[in-house]
Amino acid sequence: MKLHKKICSIICTLTIILSPLTSIQVSANSNINIDNLSFSESVTDEEKKALDPILIRILSEEEGEIVSISQVNIPFEENKDNISTHVMPTYNFQMTVVAKRIYEKSGKDNFKFIAKGHWIDNPFWELTDCIALAWSDNFTLYDDTCYTLNDDSSPNLTWCTTRNSVTPEQGVAYDVDLLVGERQEYVVLEAKVYKDDDTGSANVVGTYGHVIITAQDISVGYSGGKDPIISMSATIGANLEMASPDYTSFDY
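Residues numbered from 1 in each chain as written. Predicted model: local features only at pLDDT ≥ 70, side-chain atom pairs only at ≥ 80, totals over all residues. Heavy atoms only, no water.

A. Here's a closer look at the side chain of D137. Relative to the helices and strands, D137 resides in the loop between β5 (128-135) and β6 (140-149). One polar contact links D137 to S136, side chain to side chain, over a distance of 2.7 Å. Setting aside chain neighbours within four positions, we find D137 in contact with K195, S201, A202, K226 and Y252. (Helix = DSSP H or I, 4+ residues; strand = E, 2+ residues; numbered from the N terminus. Polar contact = N/O pair within 3.5 Å; in protein donor to acceptor, adjacent residues only side chain to side chain. Contact = heavy atoms within 4.5 Å.)

Spelled out as structure tokens, the structure:
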């Protein structure tokens, strides 16, 4: 597993250096700002403050209305079975979850969910982590992507992510390869979903699992129902710090 991790890191690093297709400079557009976005009445001015330049750019990609925003600063919860001397700082990771109504599926309730993780402090352990989104109300996934960005002023997009698991009516997760020596400040997971036109209230949750000490695979599971839950587990002997889940909800 350690050898596999090293090989993946070397391949990703070389690919970023040598290939313009895997390391994409995202040009900043000064004309895109929060005033260009549309919000439902349920979104407060305080919640809008969570939208940094990264999210504003992502939310400007499709026509639509932002219906929900939630942000939490996360103290990682150390794995109680394997106490480590390397404890993450109290508030070193921030998770933001956004739901936006879009109009790609005619006659359907159509939404884009975004989970954006922000490493406020660069992690000590740079192995392979996992980010996930889950939702209620049997929305069906039809498009998803995940990537890392180096910062919000001149974001350099890298594709060192691999889909971990997917249950189309419940959730999707990606493994995130944290490259040694790279400042991957942001991790972004986007999911587009739809269902037959209806009315209701849905819940979305985003979370993040951070592997420390030893590189190991992460298994991800989703529970259905009105309050979606994401579970992550690593193989025996691994240390997995789980972020407090970030929930948001919206009416449709």
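B. Representation of the environment of T128 within the structure. Counting through the fold element by element, T128 comes out in strand β5. Between the alpha carbons of T128 and H210 there is a distance of 7.7 Å; along the sequence they are 82 residues apart.

C. Quick look at the side chain of E185. Summarising the element assignment, E185 is placed in the loop between β9 (171-177) and β10 (186-196). Within polar-contact distance, the side chain of E185 engages the side chain of H118 at 2.8 Å. The contact partners of E185, leaving out residues within four places of it in the chain, are G117, H118, W119, L149, N150 and D151.

D. Representation of the pattern of salt bridges in the model. Inspection of the entire model under this criterion finds 13 salt bridges. The closest approach of N and O atoms between D45 and K48, which form a salt bridge, is 3.7 Å. Highlighted residues: D45 and K48, both in helix α2 (residues 45-48), separated by three residues, approximately one helical turn. Across the salt bridge formed by K116 and D52, the nearest N and O atoms sit 2.4 Å from each other. (Salt bridge = Lys/Arg side-chain N within 4 Å of Asp/Glu carboxyl O.)

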